[in-house]
Every structure is written in C-alpha cells, then in structure tokens.
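Structure at a glance
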Amino acid sequence: MKKTDDLQGVKEGAYQYCVRFVTDKLDTIHSQIAELETALTSETKSSAGDKHETGRAMIQLEREKLGQRLKELEKTKSVLSKIPLRTAATNIGLGNLVITDVALYYIGISAGEYKHASTSVYCISAGTPIGQLLFGKAAGQHFNFNGKTITILTIH
C-alpha cells in the first residue's frame, strides 16, 4: 500500500490534527467563558429586580455548562498527551494508524476526518463502536461493522 515513511507522516499528521482539534475547542470555550464573565460583571441592577436575577442565573447556568465541557476537553487533552508517536505494535492500541480494506483509522481521540493529500484518515477514540472492535486486534484479522466484514491490512 504505502511506504513506512509515508505512513509515519500520515500518522503524525493525524496526531497533529487531533492536537489542533482539542486546542481550537479549548480556545473557543475559554473565549466563551470570558464573555460570560464580562456579561456577569456588567449586569447592572435595574428597577426590574427579578429580571436582573433571572439574567444572572441564566449566565451562571451557561458558565457551569461551559465548565463541564472544559473539564471533558481537559481529559481529552490528557489522553492525547499519553499517545506514543512512534509505536511498533502487533496489536491495535492507542496511537496506531490502522489500515483496513475499507478505511484508515487513527486510534486517539474522536476528532473526525483528517485529510492527508488524497488520503482520508478517521480519527477515533478507543471508546467508539469501531474503536472497540479494532482495539487489541492484529493485522489479518476481520471484524463486522454495520453488517460489513472488514479486514485489517496493516497496523502502523
């Protein structure tokens, strides 16, 4: 299929794509939290006291939701930091680029589709349905997904 050096480039590109994915999401959440903080501090008491309190409560709820999303992204970032960039594995695990007869998968975090030249790589976590089916398998093995038998060609 592809040379080992090409595959290493695809794998490293997928990893960097995942890092940018998390960084962009973190930046967005931090920006939204800052906007809420500004809204909360600039909220002035009006003659309609109940309206003011309702507005503050809504801002507070939104801030709590963003805090939860932030915590989840921090966990995802932690998983990424533990992924080895160079792995020589016989069985599929975290950080592997898996080539099947259907698609290429990077086992890391769920970050969607990464394009490397004309190649598509699906960045998935080990907890996704297909990630669970792939995890621990070796090249040459088969598995069924959505009624289709898929063969693992190589692991990089």
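Moving on, we come to the overall build of the protein chain. Counting its secondary structure elements, the protein chain contains three helices and six strands. Its C-alpha atoms give the protein chain a radius of gyration of 21 Å, clearly above 15 Å, the size a compact globule of 156 residues would have. Seen through its C-alpha atoms, the protein chain measures out along the principal axes to roughly 70 × 35 × 25 Å. Put simply, of all contacts in the protein chain between residues at least 6 apart along the chain, 53% involve residues at least 24 apart. Total accessible area on the protein chain stands at roughly 9,200 Å², and carbon and sulfur atoms take up 53% of it. Averaging the positions of the 19 positive and the 16 negative side-chain charges in the protein chain gives two centres separated by 5 Å.

Ordered in space as β3-β4-β2-β1-β6-β5, the six strands form an open sheet in which the pairing is mixed. Where the open sheet ends on each side, the last strands, each with one partner, are β3 (112–116) and β5 (142–145). Sheet twist, expressed as the average angle between the axes of neighbouring strands with direction ignored, equals 35°. Relative to strand β6 (residues 148–155), strand β1 (residues 97–100) is paired through three bridges, and the arrangement is antiparallel. Each residue of the ladder has a partner; that of I99, found in β6, is T154.

What the rule picks out here adds up to two aromatic pairs. Note on Y105 and Y122: the rings are 6.1 Å apart at their centroids and 40° apart in plane angle, and the pair reads as tilted. Placement of the pair is Y105 in strand β2 (residues 104–108) and Y122 in strand β4 (residues 119–125), with a sequence separation of 17 residues.

For side chains of opposite charge, pairing can occur when their charged atoms come near one another. Enumeration according to the criterion identifies three salt bridges in this entry. Between K65 and E62 there is a salt bridge, with the nearest N and O atoms lying 3.6 Å from each other. Of this pair, K65 and E62 both sit in helix α2 (residues 49–81), three residues apart, which is roughly one turn of that helix. On the basis of relative accessible area, K65 is assigned to the exposed category, the value being 52%. Among the ionic pairs, E113 bridges to K115, the shortest N-O distance being 3.2 Å. Taking the relative accessible area as the measure of exposure, K115 reaches 54% and is therefore exposed.

In β1, alternate side chains face the same way, and those of L97 and I99 on one face and V98 and T100 on the other are all buried. Between β1 and the antiparallel strand that follows it, β2, lie three residues.

What follows is about unusual backbone geometry. The phi dihedral of A117 is positive, around 55°, even though this residue is not glycine. Within the element layout of this structure, A117 appears in the loop between β3 and β4. One non-glycine residue, N146, lies in positive phi territory at about 50°. Within the secondary structure, N146 is located in the loop between β5 and β6. Judged by relative accessible area, N146 falls into the exposed class, the value being 72%.

Reading the values: the criteria
By convention here, each chain's residues receive numbers from 1 onward along its written sequence. Since the coordinates come from a predicted model, pLDDT governs what is reported: local features require at least 70, and pairs of side-chain atoms require 80 or more to be given and counted, while whole-chain, interface and lining totals use all residues. Only hydrogens and water are set aside when side-chain values are computed; all heavy atoms of the structure are taken into account. To qualify as a helix, a DSSP run of H or I must reach at least 4 residues; to qualify as a strand, a run of E must reach at least 2; elements of each kind are numbered from the N terminus. Here the globule rule reads 2.2 Å times residues to the power 0.38, and the radius of gyration is calculated from C-alpha atoms. Residue contacts follow a heavy-atom distance rule, with two residues in contact if any of their heavy atoms lie within 4.5 Å. Residue-level accessible areas treat just the shown protein chains as cover; the underlying method is Shrake-Rupley with a 1.4 Å probe. Within this scheme the basic residues Lys and Arg register as positive and the acidic residues Asp and Glu register as negative, but His and the chain ends are omitted. Note that the charge is assigned to NZ on lysines, CZ on arginines, CG on aspartates and CD on glutamates. Any two strands with at least two DSSP-identified bridges between them are counted as paired. Helix axes use the C-alpha atoms of the stretch in contact, all axes being lines fitted to C-alpha atoms, and the angles between their N-to-C directions lie in the range 0 to 180 degrees. Each Phe, Tyr or Trp ring, with Trp reduced to its six-membered ring, pairs with another whose centre is within 6.5 Å; inter-plane angles below 30 degrees give stacked pairs, above 60 give edge-to-face pairs, and intermediate values give tilted ones. Salt bridges are defined as contacts in which a side-chain nitrogen from Lys or Arg sits within 4 Å of a carboxyl oxygen from Asp or Glu. When accessible area is computed with a 1.4 Å probe and restricted to protein chains, residues below 20% of their type maximum are described as buried, those above 50% as exposed, and intermediate ones as partly exposed.

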